[in-house]
Amino acid sequence: TLSSNDRFNAQAGAAIHHISKPEFTTYSSVVEKLYSRMALHANFHIAPSYLSKIAFRPRFQAFLQGPATEFNTGLMIAYLLEDGSKYTKHKKGYAINFGFYYRFRDSFSPSIEIELGPFSVGYSYDTNLSGLTKATKGRGGSEIFLKIQNPNKFKKFSSKRSFI
C-alpha cells in the first residue's frame, strides 16, 4: 500500500499459480499438464481535496493462463455518509459506492455497495455482451456479496481532510 497523503491510496499485487505445471487426468484417461496462471491486480482510491465526501476507486485485474486471458476493469464512486471515530472507535464509518465493472469483450456489471465500518454488502448484475448473448438473450446474473476489510479504513482517516 502506498500513501502519499490522506487523499490517495494505491494497492497492487501479483501471484503465480501452478508454477510446476502439474499433470492431471481427464475422464478419458488423457494426461495433460496444467498451464501456469498469473494474476495481477491494482486498486486506487482518489479523493480530491475539493470533494471532501466523494472518492473515485478505479480497479484493474488480469488473469493469464496459457492461451486463456481475462481482463477486468471498473470504477466505483464512493460517497461518505458518516465518518468513523478516529480515536475511540465507538462510531463506525458509513459510505455508499456505486459504479460498474467491465470484463473485456464479455460482460458489463453495474454495482452498488454499502460500507459499514470494516464490512461491505453489495449487489451487482452481470449483463452479457459476448456471443453468449444469443443464448441468454442479454440476461445475466445477480450477485449479492459481503466483504470484510482489514484494517477498517474509517478508523484511520477523517473527512475533514478528505476521506479514504
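Thresholds, definitions, all that
- Residues numbered from 1 in each chain as written.
- Predicted model: local features only at pLDDT ≥ 70, side-chain atom pairs only at ≥ 80, totals over all residues.
- Heavy atoms only, no water.
- 1 Å grid on protein atoms, 1.4 Å probe; cavity = no way out; pocket = protein on both sides within 12 Å on 5 of 7 lines; lining within 4 Å.
- Points joined across faces, edges and corners; volume = space filled by probe spheres on them.
- Helix = DSSP H or I, 4+ residues; strand = E, 2+ residues; numbered from the N terminus.
- Nonpolar A, V, L, I, M, F, W, Y, C, P; charged D, E, K, R; others polar.
- Buried < 20%, exposed > 50% of the residue type's maximum accessible area, 1.4 Å probe, protein only.
- Contact = heavy atoms within 4.5 Å.
- Phe/Tyr/Trp six-rings, centres within 6.5 Å; stacked < 30°, edge-to-face > 60°.
- pLDDT = per-residue confidence, 0-100.
- Polar contact = N/O pair within 3.5 Å; in protein donor to acceptor, adjacent residues only side chain to side chain.
- Salt bridge = Lys/Arg side-chain N within 4 Å of Asp/Glu carboxyl O.

## Topic: the layout of surface pockets
Piece 1. Estimates place the volume of the largest pocket at around 610 Å³.
Piece 2. Lining the largest pocket are 24 residues, and of these R59, Q61, Y101, S124 and E143 sit closest to its centre.
Piece 3. For the lining of the largest pocket, the secondary structure elements donating two or more residues are β5 (37–46), β6 (54–65), β7 (68–82), β8 (94–103), β9 (107–116), β10 (119–128) and β11 (141–148).
Piece 4. Residue classes in the lining of the largest pocket are distributed as six nonpolar, 12 polar and six charged.

## Things to note about the environment of G122
Piece 1. Here G122 shows up in strand β10.
Piece 2. Residue classification places G122 among the buried residues on the basis of a relative accessible area of 8%.
Piece 3. Taking the C-alpha atoms as reference points, G122 and I96, separated by 26 residues in sequence, lie 9.5 Å from one another.
Piece 4. For G122, the contacting residues outside a window of four places in its chain are I112, E113, E143, I144 and F145.

## Structural notes on the packing of aromatic side chains
Piece 1. Under the defined criterion, the tally for this structure stands at five aromatic pairs.
Piece 2. Pairing F71 with F104 gives two aromatic rings, centres 6.2 Å apart and planes at 75°, and the pair type is edge-to-face. Placement of the pair is F71 in strand β7 and F104 in the loop between β8 and β9, with a sequence separation of 33 residues.
Piece 3. Judged by relative accessible area, F71 falls into the partly exposed class, the value being 32%.
Piece 4. Judged by centre distance (5.6 Å) and plane angle (20°), the rings of F100 and F108 are stacked.
Piece 5. Counting every residue linked through ring pairs, the aromatic cluster contains F60, F71, Y102 and F104.

## Description of the confidence of the model for the chain
It should be kept in mind that the predicted coordinates are not to be read in detail where pLDDT is low.
Piece 1. On average, residues of the chain carry a pLDDT of 83, and 83% of them reach 70 or more.
Piece 2. The element-level mean pLDDT for the chain is lowest in strand β1 (residues 2–5), coming to 37, with β6 highest at 95.
Piece 3. Contacts of residues 1–5 to residues separated by more than four positions or lying in other chains number nine contacts, the stretch itself having pLDDT below 50.
Piece 4. Predicted confidence is poor over residues 157–162, with pLDDT under 50, and the contacts of this stretch with residues over four places away or in other chains come to 19 contacts.

## Considerations on unusual backbone geometry
Piece 1. Phi is positive for S29, which is not a glycine, with a value near 65°.
Piece 2. Within the element layout of this structure, S29 appears in the loop between β3 (23–25) and β4 (31–33).
Piece 3. In this model, R105 sits at a positive phi of 55°, which is unusual for a non-glycine residue.
Piece 4. Examined against the element boundaries, R105 turns out to sit in the loop between β8 and β9.
Piece 5. A relative accessible area of 74% means that R105 is categorised as exposed.

## Here we look at the side chain of S120
Piece 1. Counting through the fold element by element, S120 comes out in strand β10.
Piece 2. Within the structure, S120 has its side chain in polar contact with the side chain of E113 (distance 3.2 Å).
Piece 3. When sequence neighbours within four positions are dropped, the list of residues in contact with S120 reads E113, I114, E115, F145, L146 and K147.

## Looking at the pattern of salt bridges
Piece 1. Scanning the entire structure with this criterion turns up four salt bridges.
Piece 2. Here E113 makes a salt bridge to K147, at a shortest N to O gap of 3.0 Å. Here K147 lies in strand β11 and E113 lies in strand β9, a separation of 34 residues in the sequence.
Piece 3. For E113, a relative accessible area of 3% translates into the label buried.
Piece 4. The class for K147 is partly exposed, based on a relative accessible area of 33%.
Piece 5. Through salt bridges with shared partners, one network takes in R103, D106 and D126.

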